[in-house]
Amino acid sequence: MGAILTDLHAIPGMSWKTPGVVYLTRWVLSVLLPCACLVFIVVRGSSFAGLSLPSWLVSTLLLVCAPLGFFVYITFGETAKRRRAATSGARMVPRVRGRWLGNLDVLMHAVNRAESDYIGQLLQTCTQDIGSPTVNLWFLWEDIIVTTEPNHVKTILATDFHNYIKGEKFYETAVSVLGTGVFNSDGETWKHHRTMTRPFFNRDRIGHFDIFDRHADQAVNLMKERFRSGLAIDFQDLISRFTLDSATEFLCGHDVHTLSATLPYPYNISKPADALDEDSTPQTFARAFSEAQHGIARRNMVGQTWPLAEIFADRTAKPMELVNAFLDPIIQDAIEKHKRSENLEVKDESADDEALLDHLVRLTTDGVVLKDEVLNILLAGRDTTASTLTSAIYLLALHPEALGRLREEIITKVGPTRRPTYDDIREMKFLRAVLNETLRLFPAVPFNVRESVNDTIWSSPNPEEKPLFIPAGTTVTYSVLLMHRRTDLWGPDAQEFDPDRFLDERLHKYLTKNPFIFMPFNAGPRICLGQQFAYNEMSFMLIRLLQNFSSISLAPDAQDPATLPPAEWAKGEGRQAIERFRPRAHLTLYAKGGMWVKMGETESI
Ligand code: HEM
């Protein structure tokens, strides 16, 4: 399908068309045109045979031809799949049974309740009702398999890696934002991107903390200033600025300075007259980047018919113009700098403090490849760490005893003011446990998707039943968020925040025995390239924060009430009943309306 889309764009005059127009053109060419041809043949054939069909019959044939053709196509496909499943000694994945055709009611519920439901609630209900961790949503007659089963996730990511690609369906939804970067490519293109980037993440380079230190200082000072005036801050906004400034400097060698723009004021406080504009250029870049990701998420939620919602405009085009306006000059600058050094025959050598772009430009000067790569890693590296740090601060605010223990470890190992080193971080067991427990309950990438290449079978979650049949070309979604919270995998207290589960006997009882129950960074050949970088950055920032602040409390009164958890959640089960913010996800997890907090400064500093 991606190839067809690309082909259509290649037709002169098609490049200005929106995804919806391309989709409809394809539909007309592949469905309506053959139907019209068929009716034409029937009419001509009858007239050759001396029969003249009445016009009402021709119109009826034209009208029913497409739906009838679709029905035959679905039924034929279904029967073929069932036959192939039976031949392999397998059964079909249990289907969600909605009340309307094509499970349209369930799909509409998913779209309409996306704002008010707890994250993953629909999938949770479907798996519970059916009594299987692997189900088929069957939206609009399309197989959409969803799983929270560690064995199945292990198959997808590691043991049968080659049979699960990102695929053309995902490619189409993301290409207008991610291009063909590492996140949105398969096969040789993916290998090329990964091979280019991997050497950059060596231990020496990611152990350099200068960049984090400068930005952490700036962030902490901004926080102190606000807290001293008695106001709360949106920690999610602040930390996203910290990770964006750090990531742009680390990746492009240019810091976007979002920390120098004014922080947002609480919902119920009017902005002082002398405050700078919040909509400064750096913030425009950050917002546009996030809006473009929302665009991809919306498309993925609706399934293959997403282009119908974009008949008049590509919803990612505008934000991407702003993102490109920031990135393009930086890329061009790096290419020209590299060419100048080549002309002068100056040796352009790798150095530990060079940016990713400087490293990449030695491998290629193709502006598109460079931009796709940098943008993909910016997305991978910025929002994920900001999301995890936001969730960590939330959980520490709710669990002062864990906050106290973490501070104690920090003060004992690093002291109240010293800058932490790589070795300090490696030795801090409780800090790592807090981060892992945060990633377990709130994994930054809560849902992910692949497409199967060939027919295959998965072992049944219930060994007494036949294995499950996964047809070729099927969308396969896996949720580590739901898997990480399963009580049968993690014990009866799986919904609770308890970092000790990564330190006490529960570690061996559950995780060591079955390592695939914890997969915040994925697994297999596509495992996160920045895992160590992320642990370093997050650990560094948490240490700096807790050296400066000794208490954290949530400040719901500072937040727009419409973005707080709805009252009905309190009647739900598990985390939904206790949650004090609304977790949502585009490609990454975030707090709707922000994470408003107040912190108490450490007295001894
Ligand atoms: C808490 C922080 C992070 C989490 C939870 C996380 C998680 C993930 C996950 C789940 C994937 C797999 C995505 C997929 O295959 O669809 C991934 C891939 C990736 N991550 Fe991370 N990540 C984090 C931080 C970072 C950082 C800081 C960087 C770089 C600066 C980074 C670079 C990458 C790259 C390049 C890939 C693509 C790997 C590939 O497809 O071959 N990540 N990450």
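Because the structure is predicted, anything quoted here is derived from the model rather than measured.

*Asks:* Describe the overall build of the protein chain, and please don't skip the residues or the numbers.
*Replies:* A count of helices and strands for the protein chain gives 23 helices and 13 strands. Over its C-alpha atoms the protein chain spans a radius of gyration of 27 Å, differing by no more than 12% from the 25 Å that the globule rule assigns to 605 residues. Here the protein chain holds 605 residues, and the buried ones make up 39% of them.

*Asks:* Please give an account of the site of the ligand that cites residues and values.
*Replies:* Not every one of the 22 residues close to the ligand is listed here, only the nearest: A380, G381, T384, C528 and G530. Elements that contribute at least two residues to the shell around the ligand include exactly α8 (187-197), α15 (367-398) and α22 (531-548). In terms of residue count, α15 provides more of the shell around the ligand than any other element does, six residues in total. The residue inventory of the shell around the ligand, partitioned by class, reads twelve nonpolar, eight polar and two charged.

*Asks:* Which residues make up the sheet that holds strand β7 (residues 456-458), and what are the values?
*Replies:* In spatial order, the strands read β1-β8-β7; together these three strands make up an open sheet with mixed pairing. In the strand order of this sheet, the two ends are held by β1 (91-92) and β7, each with one partner. Here β7 pairs with strand β8 (residues 468-470) via three bridges, running antiparallel. Across the sheet, residue I457 finds its bridge partner in β8, namely F469.

*Asks:* Describe the environment of T388, naming the residues involved and giving the relevant values.
*Replies:* You can see T388 is positioned in helix α15. It is 14 Å that separates the C-alpha atoms of T388 and L545, two residues lying 157 residues apart in sequence. Leave out the neighbours within four places in its chain, and T388 touches L435, T438, L439, A444 and M538.

*Asks:* So what's going on with the environment of F201? Residues and values would help.
*Replies:* Take F201: it is sitting in the loop between α8 and α9 (203-206). The class for F201 is partly exposed, based on 16 C-beta atoms found within 10 Å. Residues F201 and L370, 169 residues apart in the sequence, show an inter-C-alpha distance of 17 Å.

*Asks:* With reference to specific residues and values, describe the nonpolar core.
*Replies:* The biggest cluster of nonpolar side chains holds 92 residues, and the ones touching the most others in it are I393, M541, L542, I552, M595 and V597. No other element matches the ten residues that α22 contributes to this core. Leaving out residues up to four positions away in the same chain, V597 has contacts with A232, I233, F235, I393, A397, I552, S553, L554 and A555. Within the second largest apolar cluster, 41 residues are counted, among which are L251, A286, A292 and L370.

*Asks:* Explain unusual backbone geometry to me, using residue names and the numbers behind them.
*Replies:* Positive phi outside glycine occurs at N103, with the angle close to 55 degrees. Overall, N103 belongs to the buried group, with 23 C-beta atoms counted inside 10 Å. Its identity is not glycine, yet L140 carries a phi of approximately 50 degrees, on the positive side. You can see L140 is positioned in the loop between β2 (134-136) and β3 (144-147). Assessed through the 16 C-beta atoms surrounding it within 10 Å, L140 is described here as partly exposed.

*Asks:* Describe helix α18 (residues 429-441), with residues and values.
*Replies:* In a regular helix each residue adds 1.5 Å, so 13 residues correspond to 18 Å; α18 covers 18 Å between its end C-alpha atoms and thus fits that length. Considered for burial, the residues of α18 that qualify are L431, A433, V434, L435, E437, T438, L439 and R440.

*Asks:* Tell me about the pairing of strand β9 (residues 475-479), residues and numbers included.
*Replies:* A large share of β9 lies buried, amounting to four of its five residues. The pairing of β3 with β9 spans four bridges and is classified as parallel. Pairing of V146 across the sheet is with T477, part of β9.

*Asks:* Go over the sheet that holds strand β13 (residues 596-601), please, and point to the residues and values.
*Replies:* Pairing between sheet strands relies on hydrogen bonds along the backbone, with the strands arranged either parallel or antiparallel. Taken in spatial order, the three strands make up an open sheet running β5-β13-β10, and their pairing is antiparallel. Either end of the sheet is taken by a strand with one partner, and the two such strands are β5 (233-234) and β10 (549-554). Bridging between β5 and β13 involves two bridges; their strand directions are antiparallel. Bridge pairing in β13 places I233 opposite V597.

*Asks:* Describe in detail α15, supporting the description with residues and values.
*Replies:* Between its first and last C-alpha atoms α15 spans 46 Å; for 32 residues at 1.5 Å apiece the expected length is 46 Å, and the two agree. With respect to burial, α15 is a largely interior element, 28 of its 32 residues being buried.

*Asks:* Give a detailed account of the pairing of β3, specifying residues and quantitative values.
*Replies:* A two-sided burial pattern is seen for β3, the buried positions comprising I144 and V146 on one face and I145 and T147 on the other. When β2 meets β3, the two strands line up antiparallel, connected through three bridges. If you follow T134 over to β3, its bridge partner there is T147.

*Asks:* So what's going on with the confidence of the model for the protein chain? Residues and values would help.
*Replies:* Should pLDDT be low for a region, the predicted coordinates there are not to be read in detail. For the protein chain, the average pLDDT comes to 89, and 93% of its residues sit at 70 or higher. In the predicted structure, residues 1-15 sits below a pLDDT of 50 and forms 15 contacts with residues beyond four places in sequence or in another chain. Scored by ipTM, the complex comes to 0.99, with pTM at 0.91.

*Asks:* Explain the packing of helix α16 (residues 400-413) against α22 to me, using residue names and the numbers behind them.
*Replies:* It is at 10 Å that the axes of α16 and α22 come closest, and there the two elements cross at 95 degrees. Here α22 runs roughly perpendicular to α16, going by the angle between their axes. Two secondary-structure elements touch here, α16 through L406, R407 and I410 and α22 through I543, L546 and Q547. Counted by class, the contact of α16 with α22 contains four nonpolar, one polar and one charged residues.

*Asks:* Please set out the environment of I211 residue by residue, giving values where relevant.
*Replies:* Position of I211 among the secondary structure elements: in helix α10 (residues 210-228). Here the alpha-carbon distance between I211 and G179, two residues 32 residues apart in the chain, equals 28 Å.

*Asks:* I'd like a description of the packing of α10 against α22, backed by residues and values.
*Replies:* Viewed as axis vectors pointing N to C, α10 and α22 meet at an angle of 40 degrees, and their least axial separation amounts to 10 Å. Our pair here, α10 against α22, has a crossing hand that is right-handed. Residues F212, A216 and V220 of α10 touch α22, and the partners they reach there are E537, F540, M541, R544, L545 and N548. Its residues assigned to classes, the contact of α10 with α22 shows six nonpolar, one polar and two charged.

Thresholds applied
- Residues numbered from 1 in each chain as written.
- Predicted model: local features only at pLDDT ≥ 70, side-chain atom pairs only at ≥ 80, totals over all residues.
- Helix = DSSP H or I, 4+ residues; strand = E, 2+ residues; numbered from the N terminus.
- Rg over C-alpha atoms; globule rule 2.2 N^0.38 Å.
- Buried ≥ 20, exposed ≤ 12 C-beta atoms within 10 Å, placed from the backbone.
- Near = placed C-beta within 6 Å.
- Nonpolar A, V, L, I, M, F, W, Y, C, P; charged D, E, K, R; others polar.
- Pairing = 2+ DSSP bridges.
- Contact = placed C-beta atoms within 7 Å.
- Core = buried A, V, L, I, M, F, W, Y, C linked by C-beta atoms within 7 Å.
- Expected span 1.5 Å × (residues − 1).
- pLDDT = per-residue confidence, 0-100.
- Axes fitted to C-alpha atoms, helices over the stretch in contact; angles between N-to-C directions.
- Parallel < 35°, antiparallel > 145°, perpendicular 65-115°, else oblique.
- Left-handed = near helix turned anticlockwise from the far one by under 90°.

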